[in-house]
Structures are given as C-alpha cells and as structure tokens.
Amino acid sequence: MSVKDHVDINQFMEGVKRRNPGQPEFAQAVQEVAEDIFDFIQDKEEYHEYQILRRIAEPDRVISFRVCWEDDQGNIRVQRGWRVQNNNAIGPYKGGIRFHADVNESVLKFLAFEQTFKNSLTGLAIGGAKGGANFNPKGKSDHEVMRFCQSFMTELYRHVGADVDVPAGDIGVGAREIGYMFGQYKRITNQFTGVLTGKGLEFGGSLIRTEATGYGAVYMLQEMLLRIGNSVEGKTAVISGSGNVATHAAEKIVQLGGKVLTMSDSGGFIHDPDGIDQEKIDWIKAHKTHRRGRIEEYVKEFKTASFHAGERPWGVKCDLALPCATQNELDGHDAEVLIKNGCMGVSEGANMPTNLDGVHKFKDAEVLYAPGKAANAGGVAVSALEMSQNSARISWTEDQLQTLLLDTMKGIHNRCVEYGGTPGSEHIDYVRGANIAGFVKVADAMLAYGVV
Ligand code: NDP
C-alpha cells in the first residue's frame, strides 16, 4: 500500500469520534496532535503501514471500577474510579490521579493521551496513563477523604506497581490523598515500593516535586523569551487557578522579577494591580491548601484587589499568560483579547486549557505559545526522579533537583525548537514541535516491537 492510499485527517478524526462516542475532550486532544503528525508522517511510509497514530490513540486499556465509601453521617456513597493506561512503549505507565466532580472517561482518556507525548518529551523512560474518580473532595472531612482514598486503592492496587504503573497527584489529589493511598497500598501488598509519586518527604517523596510543575512552566516561558533576547523580568503575568501549579508558577514569576496580577478558582478571579508578591502567594497557599478556602476572600485581606465572580482573568492586560487551572478554560475569543492586549508569551501549566480555536489563534498570531504537554512536564519529570530515588533508596539534594528540573525544561524547549521551526521565519511553532518530538520516540519504540 502506498502513502496516498491512506486516510486523510478528516477521515481519521471521523473514525476517532465514531469509536469514542460522547468523548469530546478525548477527540479534541487527538485532533490537536493529529493536525501536526499527519503532515510530519506524510512521506514516512512505515508509520502509516504500522498504523502508529491510530494505535497511540487507542489506550492499551481502560480500567473502570466501583468505589464505595461511608460518609460521616453513615450514608453509603458510590463513585466510579478509572485508570487509563494509554501507552507503555518507552517505560512504565505514569500519570496523575484526579478527584473532581467532572471526571469522566473522556477527560481521563484525553489526559492519558496527552501524558504519553509529555512523558516522551521529558527524555525520561516513562509511558503515559491517567486515573481518577468522580469524587468531589470539597467540603469533605479528612476522615471521609481517607475512607474514599482507601477504597479507591483497594481496587487500583491490582493494576499498578513500581515497574508497571506509577500514579501521582493532579486536581484534588495532593500530599494528603497520596499519603492515604500509599498507606493503603502498603497495607494490602506488604510492600514498600515507589508505587506512587508526590509522597511525603518522610516516606520516599522527593524535594521540589510540589514546586516542579509550576516552576517548570515558568522555566519554559523564560527559555522561549531568552531565545528571542528577552526575559520574564519586568513583565506582567496573568495566571488562572490557585492550586498547586498556579501558586508555584506565580512564585517563580516573582523570583524572576515579573509581576503577577491575577489568580482564580472555580468561583472567579482576583485582580491585584499592586502585584501578588511572595507574602500574598504564601497567604493563598495556606488559604486554599490548608484552610481549603475560596479565592474571593483574598480581597478582604488585601484591599487593593478586586474579585470578579464567575469570570476568567484573560481580559486583564498583560505581557504573559499562564492558564494553570483546568481544561478548556481559554477559548478563541479569550486568545484574541490576549493578543490584542499585547500578550507575547503563553505557557500552559494546566493540561489542554486552551481549546482548539484558541490554539489556532495563538499559532496564527505567532505568539510564543508552549502547550501543556511541554510546559507542564516539569512535574512528571521530577516524579520520574522520585522513582529513581526510591529504586536506589537515596534522596537527592534540593540543589541537584533544581538543576535537573531546569535542565529538563531546557531539553524540552530545545526538542520543541528542533521540530517546530517555521520555514523562512525565526518563529517556533512550539505546539508542532512538542507534538512531533513527543511522537517520534514513542512511535519508533512501537515500530521496534512489531505489531503488539
Ligand atoms: P489543584 O487541585 O491544586 O488546583 C486546581 C485549581 O484549578 C484550583 O484553583 C481550582 O479551583 C481550579 N479549578 C479546577 N477546576 C476548575 C474549573 N472547572 N473552573 C475553574 N477553575 C477550576 O490542581 P493542580 O494545580 O495540581 O492542577 C491544575 C492543572 O495542572 C490541571 O490541569 C492538571 O492536570 C495540571 N497539571 C498538574 C500537575 C501537578 O503536578 N499537580 C502536573 C501537570 C499538569 P477550586 O479550588 O475552586 O476547585
């Protein structure tokens, strides 16, 4: 069969949608990658012949299970849990666990698909997976969260393992939840192995894992700016979210001499024209993570700020934008507003925060735009380093890990540049660069295995 006999992207996407009905997030993630990969593999017969893209877009397996738990009032509650193991061509499955009311199979399949390319981009030997449950931790007591985590792990433990699949945190899953899940894994299996990352420092966790995703997203921005002779210093930044990724992205922007103007949560955003400095970031971290409060209370504490209920921050004039909350939180209109207001750099701390229309707007305007699979890979990279430390039963110092994180982000940036060049222009299409660089390593490993 020759190349010209193969399906085009529209036929390919029709097939993806037909085989995955009612899964729009998954189809969106596949389309964003396919738009670049189809062009790249046009003259590469082997990838067509072995149906590599079609195979990457079909998870190795999707495990779904019932999770029963008892709330503080003695009611029996039933949730659904999943683990999507997308691809382990280059290493054990690796990817976070999300607890959020909106979690469903489509969301987890898109995240596992994205994770496959992201993990490949880090240059480390890790495959792609994602898991979670439609469990809303908001308003739950510590004991309710503990009982849920224990019940979740009572099924998940059969499908994971230090050399099989190593989950981590994501939205709604932080140090508390990882601790409860690791405790239950250890109790069931009687094994102390690096089966989860994001653990507490007392039981095998790695320094800077908490900071790594947010810091990494800013390092990516800095690398893109340095390449064109610019930097974060003196720039204004608009950030969405106020969780793990958002607060650490804000921290690194401030450390590099930038000014953070906004942060948000699912209730709206705060705008502080004086800048959200380290002291204010510390207040947000304590308020959101430890007190599990709402961002709107920021304006009672810091009087110069305003709260905008039910809105997203993209209308605030800025030089840099970092979407760090959730998927599809920035659309084509938002992208147009950012571009019109002079935004020159976008780095996605969240996974797929920009919808396809927004992606096209940023690409067409030649904004320095790093997609999540490149920009937020610092977290999984340090997770992989946590796995190495656990296997060797050692702990690296903060200095060593900070250097490794920065080097990893530089490596990701350079791999994007290698594949994202635009003929006749200095501009780099970081989306194309990330998609192709992530694809090539996984695809070549799959070719080596034959049809399996
Ligand atoms: P957290 O749970 O710590 O924080 C999530 C933040 O996003 C909160 O401020 C939350 O607000 C907000 N948010 C969640 N859902 C919505 C929504 N539907 N609309 C508006 N705001 C929302 O999660 P993380 O910081 O860990 O994750 C944020 C993003 O980064 C996700 O896309 C995740 O997949 C991605 N990511 C995370 C990594 C990590 O290391 N943690 C690694 C790579 C990517 P509220 O408090 O109101 O719910």
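Residues numbered from 1 in each chain as written. Predicted model: local features only at pLDDT ≥ 70, side-chain atom pairs only at ≥ 80, totals over all residues. Heavy atoms only, no water.

K.L.:
I keep staring at the overall build of the chain and nothing clicks. Help me out?
P.N.:
Along the chain, the regular secondary structure elements total 17 helices and twelve strands. For the chain, the C-alpha radius of gyration of 21 Å lies close to 22 Å, the compact-globule estimate for 452 residues. A principal-axis box enclosing the C-alpha atoms of the chain has dimensions of 65 × 55 × 45 Å. For the chain, the residues scored as buried account for 57% of the 452 residues in total. As displayed, the chain has an accessible area near 18,200 Å², and 48% of this comes from carbon and sulfur atoms. Looking at the chain, you have 49 positive and 59 negative side-chain charges, and the mean spots of the two groups are 4 Å apart. (Helix = DSSP H or I, 4+ residues; strand = E, 2+ residues; numbered from the N terminus. Rg over C-alpha atoms; globule rule 2.2 N^0.38 Å. Buried < 20%, exposed > 50% of the residue type's maximum accessible area, 1.4 Å probe, protein only. Areas by Shrake-Rupley, 256 points an atom, 1.4 Å probe, with all protein chains shown as cover. Lys, Arg positive; Asp, Glu negative; His and termini not counted. Charge placed at Lys NZ, Arg CZ, Asp CG, Glu CD.)

K.L.:
Help me out: how do you make sense of the site of the ligand in this one?
P.N.:
Taken together, 26 residues are adjacent to the ligand, and Asp-170, Thr-213, Ser-266, Arg-294 and Asn-351 come closest. Take Thr-213: an N or O atom from its side chain is 2.7 Å from an oxygen atom of the ligand. Contact between the ligand and Lys-288: an oxygen atom at 2.9 Å from a side-chain N or O atom of the residue. For the ligand, whose free accessible area comes to 890 Å², the fraction covered by protein is 85%. The residue makeup of the shell around the ligand, split by class, is five nonpolar, 13 polar and eight charged. (Near = heavy atom within 4 Å. Polar contact = N/O pair within 3.5 Å; in protein donor to acceptor, adjacent residues only side chain to side chain. Nonpolar A, V, L, I, M, F, W, Y, C, P; charged D, E, K, R; others polar.)

K.L.:
Just checking my understanding: could you explain the sheet that holds strand β1 (residues 61-70) for this structure?
P.N.:
Within a sheet, each strand pairs with its neighbour through backbone hydrogen bonds, oriented either parallel or antiparallel. With mixed pairing, the five strands of this open sheet are ordered in space as β1-β2-β4-β3-β5. Two strands in the sheet have a free side with no partner beyond their single neighbour: β1 and β5 (165-168). Between one strand axis and the next, the sheet turns by 20° as a mean value, whatever way the strands run. In terms of strand pairing, strand β2 (residues 76-87) meets strand β4 (residues 127-133) through six bridges, oriented antiparallel. (Pairing = 2+ DSSP bridges. Axes fitted to C-alpha atoms, helices over the stretch in contact; angles between N-to-C directions.)

K.L.:
Explanation requested: the packing of helix α9 (residues 244-255) against helix α10 (residues 278-290) in the structure shown.
P.N.:
When two helices pack together, you describe them by how their axes are tilted relative to each other and by the distance separating the axes. Where α9 meets α10, the closest approach of the two axes is 10 Å, and the angle between their N-to-C directions is 170°. When the axis of α9 is compared with that of α10, the two are roughly antiparallel. Residue-level inspection shows Thr-247, His-248, Ala-250, Glu-251 and Val-254 of α9 in contact with α10, the latter providing Gln-278, Ile-281, Ile-284 and Lys-285. Taken together, the residues of the contact of α9 with α10 break down into four nonpolar, three polar and two charged. (Parallel < 35°, antiparallel > 145°, perpendicular 65-115°, else oblique. Contact = heavy atoms within 4.5 Å.)

K.L.:
I'm lost on helix α12 (residues 332-340) in this one. Help?
P.N.:
Each α-helix turn comprises 3.6 residues. Residues three or four places apart therefore point the same way. Three or more residues of α12 are buried, namely Gly-332, Asp-334, Ala-335, Val-337 and Leu-338. Looking at the packing, one finds that the buried side of α12 touches β10 (320-323) and α13 (356-364). By the N-cap criterion, in which a side-chain oxygen at the helix start approaches the backbone nitrogen of a residue two or three places on, α12 is capped by Asp-331, the distance to His-333 being 3.1 Å. Of the residues flanking the end of α12, it is Gly-342, one or two places downstream, whose phi is positive at about 90°.

K.L.:
Just to check I follow, could you spell out the environment of Leu-221 for this structure?
P.N.:
Inspection of the secondary structure puts Leu-221 in helix α8 (residues 209-227). Between the C-alpha atoms of Leu-221 and Cys-343, which are 122 residues apart in sequence, the distance is 12 Å. Once you skip the residues sitting within four places of it in the chain, Leu-221 turns out to touch Ile-253, Leu-320, Leu-322, Gly-345, Val-346 and Ser-347.

K.L.:
What is the right way to look at the domain arrangement of the chain in this model?
P.N.:
You'll often see interface size given as the accessible area lost when the parts meet. Assigned domains within the chain: domain 1 (3-56), domain 2 (61-193) and domain 3 (211-375). When each unit is reduced to the centre of its C-alpha atoms, the spacing between domain 1 and domain 3 is 32 Å. Contacts between the two partners involve eight residues from domain 1 and, on the opposite side, nine residues from domain 3. For the pair domain 1 and domain 3, the two sides together bury roughly 710 Å², of which 52% comes from carbon and sulfur. Between domain 1 and domain 3 we count two salt bridges in total. Between Lys-373 and Glu-32 there is a salt bridge, with its nearest N and O atoms 2.9 Å apart. At the junction of domain 1 and domain 3, the tally comes to four residue pairs in polar contact (both at pLDDT 80 or more). Class assignment for the residues of the side of domain 1 that touches domain 3 results in two nonpolar, two polar and four charged. (Domains from an automatic or database assignment. Buried area = accessible area lost by both parts, 1.4 Å probe. Salt bridge = Lys/Arg side-chain N within 4 Å of Asp/Glu carboxyl O.)

K.L.:
Help me understand the nonpolar core in this model?
P.N.:
In a soluble, globular protein the nonpolar side chains are often hidden away together inside. In terms of nonpolar packing, the biggest core is built from 49 residues, with Met-220, Ile-239, Ile-253 and Leu-322 touching the most fellow members. Top element by residues in this core is α8. It accounts for nine residues. Among all residues touching Ile-253, those that are not within four sequence positions of it are Val-218, Leu-221, Val-232, Ala-237, Gly-258, Lys-259, Val-260, Leu-320 and Leu-322. In this structure, Ala-27, Phe-40, Ile-56 and Phe-439 belong to the second largest nonpolar core, which totals 39 residues. (Core = buried A, V, L, I, M, F, W, Y, C linked by side-chain atoms within 4.5 Å.)

K.L.:
How should the environment of Ser-151 be read in this particular structure?
P.N.:
Checked against the element boundaries, Ser-151 lands in helix α6 (residues 142-156). On the basis of relative accessible area, Ser-151 is assigned to the buried category, the value being 18%. Along the chain, Ser-151 and Gln-184 lie 33 residues apart, while their C-alpha atoms are 8.6 Å from each other.

K.L.:
Honestly, the packing of α8 against helix α15 (residues 378-392) in this entry has me stumped. Any pointers?
P.N.:
α15 packs onto α8 with a crossing angle of 150° between their chain directions and a minimal axis gap of 7 Å. By the criterion of interaxial angle, the relationship of α8 to α15 is roughly antiparallel. Here the hand of the crossing between α8 and α15 comes out right-handed. Every residue of α15 that contacts α8 at Arg-209, Ala-212 and Thr-213 is listed here: Gly-378, Gly-379, Val-382, Ser-383 and Glu-386. Tallied by class, residues from the contact of α8 with α15 come to two nonpolar, four polar and two charged. (Left-handed = near helix turned anticlockwise from the far one by under 90°.)

K.L.:
I would appreciate a short explanation of the environment of Gln-79 in the present structure.
P.N.:
With respect to the element layout, Gln-79 can be found in strand β2. For Gln-79 and Arg-66, which are 13 residues apart along the polypeptide, the C-alpha to C-alpha distance reads 6.1 Å. In this structure, Gln-79 is in contact with Phe-65, Arg-66, Val-67, Trp-69, Asn-134, Phe-135 and Phe-148, ignoring residues within four places of it in sequence. Polar side-chain contacts of Gln-79 include one of 2.7 Å to the side chain of Trp-69.

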